[in-house]
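The primary structure of each chain is shown beneath.
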Amino acid sequence: MAGTVTHDPPPAGGGRQGGPLIVTEDAELLDDLLRLCAAAGATPEVHHGVPERRGGWETAPLVLVGDDAARRVRGAARRRGVVLVGRDQDDSGVWRRAVEIGADHVLMLPDGEQWLVDRIADVAEGVGRPALTVGVIGGRGGAGASTLACALAVTSAREGLRTLLVDADPLGGGLDVLLGGETAEGLRWPAFAASRGRVGGGALEESLPELHSLRVLSWDRGDCVAIPPQAVRAVLAAARRRGGTVVVDLPRRIDDGVAEALAQLDVGLLVVPAELRAVAAAGRVASAVGMVLRDLRVAVRGPYAPGLDDREVSRLLGLPLAGEVPVESGLLRPHEGKSPPGAVGRGPLARFCREFLERALVEVGGV
């Protein structure tokens, strides 16, 4: 059981902040809390009461006070991020003691273990504002969704943002190939197929191939063509916690794993060539995606069929217009002497991506 006393979150910031402060003399409770800290990848500082050294109580990213120690910390300075931890589910007095010490939460073990592991891991990772997460999906085959996804990620990285490009289409040929990194060292999707619960954001980032100053999660050349939805949820949640930008290249079919990816998005871009058949196909895709994703916008790609322009395509689909996606010729793999999509910072595609990301960061509130 976990209960909230106040609603103020603990201080958060970028970079690792270290482990929590534990205050208890209960040996059994201490063993449990040390076990949960280990599961969260954090090393705590342990005291029987308020630390004597100056700043120890005030600066810890999270304070876990055993119910046995509530009386001993009653006079400590009020601060955010204090959790009162106990075991007696029937002890109504625990709420009074929580108020007396200014605790944000009351947590009872063992029921609240997973909540506490997540909270400890958050402060250990220095979790701040979640990443702006953008999904890109084609209105029909060959619409250029993968090219736009790569260009968005490359542009984000060039702007100095922590960036992860996620290939959610196992049949798409691999975004690492499009970026010229199919032989780059690092893990691919099949390595995360068994992931459940919480995945460490830092460990995820460090395990992936780094290409063009961004991290890429793509597919290997094996037979795996599906990842369980629990694994998709765990991996994308870890990526979002790291902040910056996450770009997801989505397939046009919607299965359970793709639905999980859609649920993590802040905004989606539906790439639609300006031709009637493409608009008709995109309408069906939009209907399926719209069941999960509320903020879906259309990005129109020319050349235009007679009677169509970007605003007309937007009107026909009933979606807000993100803009016209410029077409750049010669987008080949870097090791063949060409740059990846969006690499030319002053080019029209990079300019579209930069302007879209700037607007989205303001509208969605990412980074």
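Residues numbered from 1 in each chain as written. Predicted model: local features only at pLDDT ≥ 70, side-chain atom pairs only at ≥ 80, totals over all residues. Heavy atoms only, no water.

Draft legend 1. Here's a closer look at the overall build of the chain. Regarding its fold elements, the chain presents 12 helices and 14 strands. In terms of overall dimensions, the chain has a C-alpha envelope of 75 × 40 × 40 Å along the principal axes. Looking at the chain residue by residue over its 367 residues, the buried ones come to 51%. Relative to all contacts within the chain whose residues are 6 or more apart in sequence, the contacts with residues 24 or more apart total 72%. (Helix = DSSP H or I, 4+ residues; strand = E, 2+ residues; numbered from the N terminus. Buried < 20%, exposed > 50% of the residue type's maximum accessible area, 1.4 Å probe, protein only. Contact = heavy atoms within 4.5 Å.)

Draft legend 2. Region of interest: the packing of aromatic side chains. Counted under the stated rule, the structure contains 1 aromatic pair. Ring centres of Trp 189 and Trp 219 lie 6.1 Å apart, and the angle between their planes is 35°; on these two criteria the pair is classed as tilted. Placement of Trp 189 in the loop between helix H6 (175–178) and helix H7 (201–207) and of Trp 219 in the loop between strand E10 (214–217) and helix H8 (229–241) is noted, with a sequence separation of 30 residues between them. Considered together, Trp 189 and Trp 219 belong to a single accessibility category, that of buried residues. (Phe/Tyr/Trp six-rings, centres within 6.5 Å; stacked < 30°, edge-to-face > 60°.)

Draft legend 3. Structural view of the pairing of strand E14 (residues 321–325). Where strand E13 (residues 296–301) and E14 come together, 4 bridges link them in parallel fashion. Within the sheet, the bridge partner assigned to Val 300 lies in E14 and is Glu 324. For the handedness criterion, the β-α-β arrangement of E13, helix H11 (residues 310–317) and E14 is classed as right-handed. (Pairing = 2+ DSSP bridges. Right-handed = clockwise from strand over helix to strand, strands pointing away.)

Draft legend 4. Representation of the pairing of E10 in the model. Here E10 shows two buried faces, one formed by Leu 214 and Val 216 and the other by Arg 215 and Leu 217. With 3 bridges connecting them, strand E8 (residues 163–167) and E10 associate as parallel partners. Residue pairing across strands places Leu 165 opposite Val 216, the latter belonging to E10. Where strand E9 (residues 210–211) and E10 come together, 2 bridges link them in antiparallel fashion. Following the sheet pairing, Leu 211 is matched in E10 by Leu 214. Between E9 and the antiparallel strand that follows it, E10, lie 2 residues; His 212 among them carries a positive phi value of about 55°.

Draft legend 5. Seen up close, helix H10 (residues 276–289). Given a rise of 1.5 Å per residue, 14 residues ought to cover 20 Å, and the 20 Å separating the end C-alpha atoms of H10 matches this to within 8%. What H10 keeps buried is the set Ala 278, Val 279, Ala 281, Ala 282, Val 285, Ala 286 and Val 289. Taken around the axis of H10, the buried residues stretch over an arc of 165°, which confines them to a single face. In H10, the exposed positions that point more than 90 degrees away from the buried face belong to Leu 276, Arg 277 and Arg 284. Each element contacted by the buried residues of H10 is listed here: strand E7 (132–138), helix H9 (256–264), strand E12 (267–273), E13 and H11. (Expected span 1.5 Å × (residues − 1). Arc of directions from axis to C-beta.)

Draft legend 6. Representation of the packing of H8 against H9 in the model. Relative to each other, H8 and H9 sit at 25°, their axes nearing to 8 Å. In terms of their interaxial angle, H8 and H9 are classed as roughly parallel. Crossing hand, H8 versus H9: right-handed. Residues Pro 229, Val 232, Arg 233, Leu 236, Ala 237 and Arg 240 of H8 touch H9, and the partners they reach there are Asp 256, Gly 257, Glu 260, Ala 261 and Gln 264. (Axes fitted to C-alpha atoms, helices over the stretch in contact; angles between N-to-C directions. Parallel < 35°, antiparallel > 145°, perpendicular 65-115°, else oblique. Left-handed = near helix turned anticlockwise from the far one by under 90°.)

Draft legend 7. View of the nonpolar core. Within the largest apolar cluster, 44 residues are counted, with the highest numbers of intra-cluster contacts made by Trp 189, Leu 250, Leu 270, Val 272, Val 313 and Leu 317. Secondary structure elements with two or more residues in this core: E8, H8, strand E11 (245–250), H9, E12, H10, E13 and H11. Top element by residues in this core is H8. It accounts for 7 residues. In contact with Leu 270, not counting residues within four places along its chain, are Ile 137, Gly 138, Gly 139, Ala 282, Val 285, Ala 286, Leu 296, Arg 297, Val 298, Ala 299, Leu 317 and Leu 319. Core analysis: the next-biggest nonpolar cluster, separate from the first, contains 32 residues, Ala 143, Ala 145, Ala 157 and Leu 269 among them. (Core = buried A, V, L, I, M, F, W, Y, C linked by side-chain atoms within 4.5 Å.)

Draft legend 8. Broad picture of the sheet that holds E12. Across the sheet, 8 strands lie side by side as E9-E10-E8-E11-E7-E12-E13-E14; this open sheet has mixed pairing. Of all strands in the sheet, those with a lone pairing partner are E9 and E14, marking the two edges. One ladder, built from 5 bridges, connects E7 with E12; its direction is parallel. Bridging from a neighbouring strand, Gly 135 pairs with Gly 268 of E12. The strands touched by H8 are E7, E8, E10 and E11; relative to E11, the strand with the most contacts, the crossing angle is about 150°. H11 contacts E12, E13 and E14 of the sheet and is inclined by roughly 140° relative to E13.

Draft legend 9. Broad picture of the state of the cysteines. The full count for this structure, using the stated rule, is 0 disulfides. Its sulfur unpaired, Cys 150 is 10 Å from the next cysteine sulfur, which belongs to Cys 353. Here Cys 150 falls in the buried class, since its relative accessible area comes to 0%. (Disulfide = S-S within 2.5 Å.)

Draft legend 10. Looking closely at the side chain of Ser 195. Turning to its location among the elements, Ser 195 is positioned in the loop between H6 and H7. A polar side-chain atom of Ser 195 sits 3.0 Å from the main-chain carbonyl oxygen of Phe 192. Ignoring anything within four residues of it in the chain, the contact list for Ser 195 reads Gln 230, Ala 231 and Ala 234. (Polar contact = N/O pair within 3.5 Å; in protein donor to acceptor, adjacent residues only side chain to side chain.)

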